[in-house]
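The residues making up each chain are set out below.
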Amino acid sequence: MPQFRAVLDTMPAYAPGKAVVSADGRSYKLSSNESPEPPLPSVVAAIAEAAATVHRYPDPAAVRLTEALAARYGVPPEHIALGAGSVTVAQQLFETIGEPGAEVVYAWRSFEAYPVLADLSGVTSVQVPLAGETHDLDAMRAAITPATRMVLVCNPNNPTGTANRAAELTAFLDAVPSDVLVILDEAYREYVRDEAIPDGLTVYRERPNVAVLRTFSKAYGLAGLRVGYLIGPEPVAAAVRKTMIPFAVNHLAQAAAVASLAAEDELLERVERVVAERARVREALITQGWTVPESQANFVWLRLGDDTPAFAAACAAEGVAVRPFGTEGARVSIGDREANDAFLRAAQAFRTHVSAR
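As recorded in an unreviewed UniProt entry, the protein goes by Aromatic amino acid aminotransferase and comes from Herbidospora galbida. Here is the UniProt Sequence similarities (unreviewed entry) comment for the protein, exactly as written: "Belongs to the class-II pyridoxal-phosphate-dependent aminotransferase family."

So this is what it looks like as C-alpha coordinates:
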(Lines give C-alpha, C1' and ligand atoms only; values in the text may rest on other atoms or scores of the structure.)
Protein backbone atom coordinates (compact mmCIF):
# COMPACT_ATOMS: atom_id res chain seq x y z
CA MET A 1 0.00 0.00 0.00
CA PRO A 2 1.51 3.38 -0.97
CA GLN A 3 2.24 5.79 1.86
CA PHE A 4 0.62 9.21 1.73
CA ARG A 5 0.88 12.34 3.82
CA ALA A 6 -0.89 11.95 7.14
CA VAL A 7 -2.61 15.31 6.74
CA LEU A 8 -4.76 13.86 3.94
CA ASP A 9 -6.60 11.76 6.53
CA THR A 10 -7.74 14.78 8.51
CA MET A 11 -7.93 17.75 6.16
CA PRO A 12 -11.38 19.00 5.17
CA ALA A 13 -12.42 18.47 1.56
CA TYR A 14 -13.57 21.43 -0.51
CA ALA A 15 -17.28 21.01 -1.18
CA PRO A 16 -18.43 22.77 -4.37
CA GLY A 17 -21.96 23.97 -4.90
CA LYS A 18 -24.28 21.40 -6.45
CA ALA A 19 -27.27 21.52 -8.75
CA VAL A 20 -30.62 19.98 -7.80
CA VAL A 21 -33.78 19.10 -9.70
CA SER A 22 -37.30 19.20 -8.26
CA ALA A 23 -39.82 16.40 -8.80
CA ASP A 24 -41.40 18.39 -11.62
CA GLY A 25 -38.07 19.09 -13.34
CA ARG A 26 -37.26 22.61 -12.13
CA SER A 27 -33.63 23.44 -11.46
CA TYR A 28 -32.12 26.71 -10.24
CA LYS A 29 -28.46 26.59 -9.23
CA LEU A 30 -27.87 29.29 -6.61
CA SER A 31 -25.07 27.47 -4.84
CA SER A 32 -21.87 28.56 -6.60
CA ASN A 33 -21.97 32.37 -6.95
CA GLU A 34 -21.84 32.11 -10.73
CA SER A 35 -22.94 34.85 -13.10
CA PRO A 36 -26.57 34.27 -14.14
CA GLU A 37 -25.76 35.41 -17.69
CA PRO A 38 -23.56 33.78 -20.35
CA PRO A 39 -20.42 35.40 -21.76
CA LEU A 40 -20.92 38.31 -24.12
CA PRO A 41 -21.03 37.51 -27.86
CA SER A 42 -17.68 39.26 -28.35
CA VAL A 43 -16.13 37.02 -25.70
CA VAL A 44 -17.63 33.89 -27.24
CA ALA A 45 -16.21 34.98 -30.60
CA ALA A 46 -12.76 35.42 -29.07
CA ILE A 47 -12.97 31.93 -27.56
CA ALA A 48 -14.04 30.46 -30.90
CA GLU A 49 -11.17 32.17 -32.71
CA ALA A 50 -8.67 30.96 -30.12
CA ALA A 51 -10.04 27.42 -30.37
CA ALA A 52 -8.51 27.12 -33.85
CA THR A 53 -5.04 27.02 -32.31
CA VAL A 54 -5.55 24.87 -29.22
CA HIS A 55 -3.09 22.36 -30.65
CA ARG A 56 -0.42 24.84 -29.52
CA TYR A 57 0.61 25.44 -25.93
CA PRO A 58 -0.69 28.65 -24.37
CA ASP A 59 1.65 31.57 -23.79
CA PRO A 60 3.21 30.56 -20.45
CA ALA A 61 3.68 34.20 -19.44
CA ALA A 62 0.22 35.27 -20.67
CA VAL A 63 1.78 38.46 -22.00
CA ARG A 64 -1.34 39.86 -23.70
CA LEU A 65 -3.50 39.32 -20.62
CA THR A 66 -0.85 40.67 -18.27
CA GLU A 67 -0.46 43.79 -20.40
CA ALA A 68 -4.25 44.23 -20.61
CA LEU A 69 -4.56 44.01 -16.82
CA ALA A 70 -1.64 46.39 -16.34
CA ALA A 71 -3.28 48.93 -18.66
CA ARG A 72 -6.70 48.48 -17.06
CA TYR A 73 -5.47 49.13 -13.53
CA GLY A 74 -2.49 51.39 -14.20
CA VAL A 75 0.06 49.07 -12.61
CA PRO A 76 3.41 47.72 -13.83
CA PRO A 77 3.18 44.31 -15.51
CA GLU A 78 5.77 43.11 -12.99
CA HIS A 79 3.17 43.57 -10.25
CA ILE A 80 0.84 40.94 -11.76
CA ALA A 81 0.77 37.17 -11.27
CA LEU A 82 -1.77 34.87 -12.87
CA GLY A 83 -3.27 31.50 -12.07
CA ALA A 84 -6.12 29.15 -12.93
CA GLY A 85 -8.69 31.03 -10.88
CA SER A 86 -7.99 33.12 -7.80
CA VAL A 87 -8.12 30.00 -5.62
CA THR A 88 -5.11 28.66 -7.51
CA VAL A 89 -3.30 31.96 -7.07
CA ALA A 90 -4.10 31.63 -3.36
CA GLN A 91 -2.57 28.16 -3.44
CA GLN A 92 0.53 29.66 -5.04
CA LEU A 93 0.64 32.21 -2.23
CA PHE A 94 0.50 29.46 0.40
CA GLU A 95 3.36 27.73 -1.36
CA THR A 96 5.47 30.88 -1.19
CA ILE A 97 5.20 31.03 2.62
CA GLY A 98 4.56 27.39 3.46
CA GLU A 99 7.17 25.73 5.64
CA PRO A 100 7.11 24.00 9.04
CA GLY A 101 6.13 26.37 11.83
CA ALA A 102 4.64 29.06 9.59
CA GLU A 103 1.18 30.37 10.48
CA VAL A 104 -1.56 32.00 8.44
CA VAL A 105 -4.35 34.05 10.05
CA TYR A 106 -7.81 34.33 8.56
CA ALA A 107 -11.40 34.88 9.69
CA TRP A 108 -13.78 32.00 10.17
CA ARG A 109 -16.15 31.44 8.67
CA SER A 110 -14.60 32.66 5.44
CA PHE A 111 -13.68 31.14 2.07
CA GLU A 112 -13.70 27.42 2.71
CA ALA A 113 -10.65 26.73 0.54
CA TYR A 114 -8.37 28.53 3.02
CA PRO A 115 -8.01 25.65 5.52
CA VAL A 116 -7.57 23.14 2.69
CA LEU A 117 -4.78 25.18 1.13
CA ALA A 118 -3.15 25.73 4.50
CA ASP A 119 -3.12 22.02 5.29
CA LEU A 120 -1.76 21.10 1.89
CA SER A 121 1.08 23.61 2.18
CA GLY A 122 2.00 22.56 5.72
CA VAL A 123 1.01 25.92 7.20
CA THR A 124 -0.74 26.19 10.56
CA SER A 125 -4.18 27.82 10.32
CA VAL A 126 -5.13 30.41 12.92
CA GLN A 127 -8.87 30.93 12.56
CA VAL A 128 -10.41 34.04 14.14
CA PRO A 129 -14.19 34.02 14.68
CA LEU A 130 -16.29 36.61 12.87
CA ALA A 131 -17.85 39.46 14.83
CA GLY A 132 -21.36 40.24 13.67
CA GLU A 133 -20.79 38.33 10.41
CA THR A 134 -17.78 40.52 9.57
CA HIS A 135 -14.03 40.11 10.04
CA ASP A 136 -12.96 41.00 13.58
CA LEU A 137 -9.82 42.86 12.55
CA ASP A 138 -8.81 43.70 16.13
CA ALA A 139 -8.89 40.03 17.07
CA MET A 140 -7.06 39.10 13.89
CA ARG A 141 -4.30 41.56 14.74
CA ALA A 142 -4.06 40.09 18.23
CA ALA A 143 -3.70 36.61 16.69
CA ILE A 144 -0.55 37.57 14.80
CA THR A 145 2.61 36.05 16.29
CA PRO A 146 6.26 35.96 15.24
CA ALA A 147 5.38 32.80 13.32
CA THR A 148 2.71 34.53 11.20
CA ARG A 149 3.68 34.76 7.55
CA MET A 150 0.38 35.77 5.96
CA VAL A 151 -3.04 37.20 6.84
CA LEU A 152 -6.04 36.74 4.55
CA VAL A 153 -8.82 39.35 4.54
CA CYS A 154 -11.73 38.26 2.35
CA ASN A 155 -13.41 41.56 1.54
CA PRO A 156 -16.33 41.14 0.81
CA ASN A 157 -16.36 37.98 2.83
CA ASN A 158 -17.50 34.66 1.44
CA PRO A 159 -20.02 33.36 2.57
CA THR A 160 -21.49 36.25 4.60
CA GLY A 161 -21.18 38.99 1.94
CA THR A 162 -20.13 41.55 4.55
CA ALA A 163 -17.15 43.86 4.13
CA ASN A 164 -14.79 45.87 6.30
CA ARG A 165 -14.66 49.60 5.74
CA ALA A 166 -11.68 51.81 5.11
CA ALA A 167 -11.12 53.23 8.60
CA GLU A 168 -11.00 49.85 10.35
CA LEU A 169 -8.92 48.28 7.57
CA THR A 170 -6.42 51.15 7.71
CA ALA A 171 -6.08 50.83 11.48
CA PHE A 172 -5.56 47.09 11.10
CA LEU A 173 -2.90 47.44 8.41
CA ASP A 174 -1.09 50.10 10.42
CA ALA A 175 -0.76 47.56 13.26
CA VAL A 176 0.35 44.56 11.19
CA PRO A 177 4.12 43.97 11.24
CA SER A 178 5.77 44.93 7.96
CA ASP A 179 7.13 41.41 7.42
CA VAL A 180 3.65 39.85 7.44
CA LEU A 181 2.01 39.59 4.02
CA VAL A 182 -1.62 40.76 3.94
CA ILE A 183 -3.79 39.44 1.11
CA LEU A 184 -7.02 41.28 0.31
CA ASP A 185 -9.15 38.63 -1.37
CA GLU A 186 -11.52 40.66 -3.54
CA ALA A 187 -13.24 38.06 -5.71
CA TYR A 188 -16.48 40.06 -5.43
CA ARG A 189 -15.10 43.58 -5.73
CA GLU A 190 -17.22 44.46 -8.77
CA TYR A 191 -20.41 44.07 -6.71
CA VAL A 192 -19.38 46.50 -3.96
CA ARG A 193 -21.58 49.60 -3.76
CA ASP A 194 -20.71 50.94 -0.29
CA GLU A 195 -18.26 53.79 -0.95
CA ALA A 196 -16.74 53.34 2.51
CA ILE A 197 -15.32 49.97 1.49
CA PRO A 198 -11.82 50.52 0.14
CA ASP A 199 -10.54 49.36 -3.22
CA GLY A 200 -7.66 47.02 -2.45
CA LEU A 201 -5.70 48.27 -5.44
CA THR A 202 -5.57 51.72 -3.83
CA VAL A 203 -4.41 50.17 -0.58
CA TYR A 204 -1.66 48.06 -2.15
CA ARG A 205 -0.07 51.09 -3.83
CA GLU A 206 0.66 52.53 -0.39
CA ARG A 207 1.83 49.39 1.44
CA PRO A 208 4.69 47.06 0.45
CA ASN A 209 3.22 44.10 2.36
CA VAL A 210 -0.28 44.18 0.80
CA ALA A 211 -1.44 42.36 -2.34
CA VAL A 212 -4.85 41.87 -3.92
CA LEU A 213 -6.53 38.74 -5.31
CA ARG A 214 -9.20 39.02 -8.02
CA THR A 215 -10.91 36.75 -10.50
CA PHE A 216 -12.69 36.57 -13.84
CA SER A 217 -15.02 33.86 -12.51
CA LYS A 218 -17.74 36.03 -10.98
CA ALA A 219 -18.60 39.39 -12.53
CA TYR A 220 -16.87 38.52 -15.81
CA GLY A 221 -18.72 35.23 -16.15
CA LEU A 222 -15.71 33.02 -16.91
CA ALA A 223 -16.02 30.52 -14.05
CA GLY A 224 -15.68 27.62 -16.48
CA LEU A 225 -12.36 28.82 -17.87
CA ARG A 226 -10.51 29.58 -14.63
CA VAL A 227 -8.60 32.86 -14.67
CA GLY A 228 -7.48 34.66 -11.53
CA TYR A 229 -4.77 37.14 -10.76
CA LEU A 230 -2.79 38.86 -8.04
CA ILE A 231 -1.72 42.48 -8.10
CA GLY A 232 0.90 43.36 -5.54
CA PRO A 233 4.39 44.70 -4.96
CA GLU A 234 6.94 43.27 -7.40
CA PRO A 235 8.65 40.94 -4.86
CA VAL A 236 5.29 39.40 -3.96
CA ALA A 237 4.16 38.94 -7.57
CA ALA A 238 7.55 37.52 -8.54
CA ALA A 239 7.41 34.95 -5.73
CA VAL A 240 3.90 33.88 -6.78
CA ARG A 241 4.97 33.53 -10.42
CA LYS A 242 7.72 31.14 -9.33
CA THR A 243 5.12 28.74 -7.91
CA MET A 244 2.89 28.82 -11.00
CA ILE A 245 2.55 25.51 -12.83
CA PRO A 246 3.66 25.98 -16.47
CA PHE A 247 0.80 26.75 -18.85
CA ALA A 248 -1.67 26.94 -15.94
CA VAL A 249 -3.85 29.58 -17.63
CA ASN A 250 -4.98 27.94 -20.83
CA HIS A 251 -5.17 29.50 -24.28
CA LEU A 252 -8.95 29.91 -24.35
CA ALA A 253 -8.98 31.42 -20.87
CA GLN A 254 -6.38 34.00 -21.82
CA ALA A 255 -8.29 35.01 -24.96
CA ALA A 256 -11.59 35.22 -23.09
CA ALA A 257 -10.13 37.33 -20.29
CA VAL A 258 -8.58 39.81 -22.72
CA ALA A 259 -11.88 40.09 -24.60
CA SER A 260 -13.77 40.52 -21.34
CA LEU A 261 -11.59 43.44 -20.31
CA ALA A 262 -12.22 45.04 -23.71
CA ALA A 263 -15.98 44.64 -23.16
CA GLU A 264 -15.90 45.69 -19.54
CA ASP A 265 -18.48 48.49 -19.80
CA GLU A 266 -21.03 46.06 -21.23
CA LEU A 267 -20.19 43.42 -18.64
CA LEU A 268 -20.59 45.84 -15.78
CA GLU A 269 -24.12 46.64 -16.98
CA ARG A 270 -24.86 43.01 -16.16
CA VAL A 271 -23.31 43.48 -12.74
CA GLU A 272 -25.72 46.33 -12.09
CA ARG A 273 -28.62 43.98 -12.79
CA VAL A 274 -27.25 41.53 -10.23
CA VAL A 275 -26.82 44.32 -7.67
CA ALA A 276 -30.43 45.42 -8.21
CA GLU A 277 -31.66 41.84 -7.77
CA ARG A 278 -29.51 41.49 -4.64
CA ALA A 279 -31.30 44.45 -3.08
CA ARG A 280 -34.70 43.09 -4.12
CA VAL A 281 -34.01 39.61 -2.72
CA ARG A 282 -32.65 40.94 0.57
CA GLU A 283 -35.60 43.28 1.06
CA ALA A 284 -38.04 40.46 0.31
CA LEU A 285 -36.32 38.17 2.81
CA ILE A 286 -36.39 40.85 5.51
CA THR A 287 -40.09 41.36 4.82
CA GLN A 288 -40.57 37.62 5.32
CA GLY A 289 -38.93 37.97 8.73
CA TRP A 290 -35.40 36.77 8.06
CA THR A 291 -32.28 38.51 9.37
CA VAL A 292 -30.04 39.18 6.36
CA PRO A 293 -26.74 41.08 6.70
CA GLU A 294 -26.06 43.71 4.05
CA SER A 295 -24.21 41.98 1.23
CA GLN A 296 -21.60 43.56 -1.00
CA ALA A 297 -21.24 40.40 -3.10
CA ASN A 298 -23.45 38.48 -5.52
CA PHE A 299 -25.13 36.41 -2.81
CA VAL A 300 -26.98 36.74 0.48
CA TRP A 301 -26.37 34.93 3.76
CA LEU A 302 -28.86 33.47 6.19
CA ARG A 303 -27.60 32.31 9.58
CA LEU A 304 -29.93 29.41 10.28
CA GLY A 305 -28.19 27.37 12.96
CA ASP A 306 -29.60 23.87 13.34
CA ASP A 307 -32.25 24.60 10.69
CA THR A 308 -29.60 24.88 7.96
CA PRO A 309 -29.80 21.31 6.59
CA ALA A 310 -33.62 21.35 6.62
CA PHE A 311 -33.69 24.73 4.88
CA ALA A 312 -31.33 23.52 2.15
CA ALA A 313 -33.41 20.37 1.70
CA ALA A 314 -36.64 22.38 1.48
CA CYS A 315 -35.12 24.61 -1.19
CA ALA A 316 -33.82 21.56 -3.07
CA ALA A 317 -37.30 20.05 -3.09
CA GLU A 318 -38.41 23.16 -5.00
CA GLY A 319 -35.51 22.81 -7.45
CA VAL A 320 -33.41 25.54 -5.83
CA ALA A 321 -29.83 24.66 -4.92
CA VAL A 322 -28.38 26.80 -2.11
CA ARG A 323 -25.06 26.36 -0.33
CA PRO A 324 -25.44 25.12 3.27
CA PHE A 325 -22.55 25.35 5.73
CA GLY A 326 -23.06 22.67 8.34
CA THR A 327 -25.35 23.99 11.04
CA GLU A 328 -24.24 27.60 10.60
CA GLY A 329 -26.23 28.98 7.71
CA ALA A 330 -26.82 29.05 3.98
CA ARG A 331 -25.38 31.19 1.22
CA VAL A 332 -27.69 31.91 -1.70
CA SER A 333 -26.33 33.24 -4.98
CA ILE A 334 -28.22 35.93 -6.85
CA GLY A 335 -29.49 34.47 -10.10
CA ASP A 336 -31.91 35.77 -12.68
CA ARG A 337 -35.33 36.99 -11.60
CA GLU A 338 -37.04 33.64 -12.18
CA ALA A 339 -34.49 31.78 -10.05
CA ASN A 340 -34.60 34.41 -7.33
CA ASP A 341 -38.39 34.28 -7.20
CA ALA A 342 -38.29 30.50 -6.90
CA PHE A 343 -35.91 30.83 -3.96
CA LEU A 344 -38.07 33.47 -2.28
CA ARG A 345 -41.10 31.20 -2.53
CA ALA A 346 -39.15 28.34 -0.99
CA ALA A 347 -37.84 30.59 1.80
CA GLN A 348 -41.33 31.85 2.59
CA ALA A 349 -42.76 28.33 2.66
CA PHE A 350 -39.99 27.15 4.98
CA ARG A 351 -40.49 30.08 7.32
CA THR A 352 -44.23 29.45 7.44
CA HIS A 353 -43.56 25.79 8.22
CA VAL A 354 -41.09 26.62 11.00
CA SER A 355 -43.44 29.18 12.52
CA ALA A 356 -46.19 26.56 12.64
CA ARG A 357 -44.08 24.08 14.61
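Caption draft 1: Here's a closer look at the overall build of the protein. Scanning the protein from N- to C-terminus turns up 12 helices and 12 strands. Relative to a compact globule of 357 residues, whose C-alpha radius of gyration would be 21 Å, the protein shows 20 Å and is just as compact. The principal-axis extent of the C-alpha atoms belonging to the protein is close to 60 × 55 × 50 Å. Counting only carbon and sulfur atoms, one obtains 55% of the accessible surface of the protein, whose full area is about 15700 Å².

Caption draft 2: Just the UniProt feature "modified residue: N6-(pyridoxal phosphate)lysine" (unreviewed entry) in the protein, in detail. Per the UniProt entry, the sites bearing "modified residue: N6-(pyridoxal phosphate)lysine" (unreviewed entry) are Lys 218 in this numbering. Within the element layout of this structure, Lys 218 appears in the loop between strand S7 (210–215) and strand S8 (228–231). The class of Lys 218 is buried, set by a relative accessible area of 16%. Excluding residues within four positions of it along the chain, Lys 218 makes contact with Ser 32, Asn 33, Ser 35, Ala 187, Tyr 188 and Tyr 191.

Caption draft 3: Highlighting the sheet that holds strand S9 (residues 299–303). Spatially, three strands are ordered S9-S12-S11 in an open sheet, and the strand pairing comes out antiparallel. Strands at the two margins of the open sheet, each flanked by one partner only, are S9 and strand S11 (323–325). In this sheet, neighbouring strand axes are inclined to one another by 20° on average, regardless of whether the strands run parallel or antiparallel. Relative to strand S12 (residues 329–333), S9 is paired through five bridges, and the arrangement is antiparallel. Residue Phe 299 lies in a different strand from S12, and its bridge partner there is Ser 333.

Caption draft 4: Region of interest: the nonpolar core. Core analysis: the largest hydrophobic core is formed by 83 residues, its most contacted members being Leu 65, Phe 172, Phe 216, Leu 285, Phe 311 and Phe 343. Among the elements that make up this core, the one with the highest residue count is helix H12 (residues 337–355) (seven residues). Both of domain 1 (18–39 + 264–356) and domain 2 (41–262) provide at least three residues apiece to this core. In this view, Phe 343 contacts Leu 30, Val 281, Leu 285, Leu 302, Phe 311, Cys 315, Val 320, Val 322 and Val 332; residues no more than four positions away in its chain are not counted. Counting residues in hydrophobic clusters, the runner-up holds 25 residues, among them Ala 81, Ala 90, Leu 181 and Val 240.

Caption draft 5: The arrangement of the pairing of strand S6 (residues 181–185) in detail. Counted residue by residue, S6 has five buried out of five residues, so it is predominantly covered. Along S6, one buried face is formed by Leu 181, Ile 183 and Asp 185 and the opposite face, lined by Val 182 and Leu 184, is buried too. As paired elements, strand S5 (residues 148–154) and S6 share five bridges and run parallel to each other. Note on S6: the bridge partner recorded for Leu 152 is Ile 183. Crossover S5 to S6 through helix H6 (residues 166–175) is right-handed.

So, how was this worked out
- Residues numbered from 1 in each chain as written.
- Predicted model: local features only at pLDDT ≥ 70, side-chain atom pairs only at ≥ 80, totals over all residues.
- Heavy atoms only, no water.
- UniProt positions renumbered as here; feature names shortened; annotations may be inferred.
- Helix = DSSP H or I, 4+ residues; strand = E, 2+ residues; numbered from the N terminus.
- Rg over C-alpha atoms; globule rule 2.2 N^0.38 Å.
- Areas by Shrake-Rupley, 256 points an atom, 1.4 Å probe, with all protein chains shown as cover.
- Buried < 20%, exposed > 50% of the residue type's maximum accessible area, 1.4 Å probe, protein only.
- Contact = heavy atoms within 4.5 Å.
- Pairing = 2+ DSSP bridges.
- Axes fitted to C-alpha atoms, helices over the stretch in contact; angles between N-to-C directions.
- Core = buried A, V, L, I, M, F, W, Y, C linked by side-chain atoms within 4.5 Å.
- Domains from an automatic or database assignment.
- Right-handed = clockwise from strand over helix to strand, strands pointing away.

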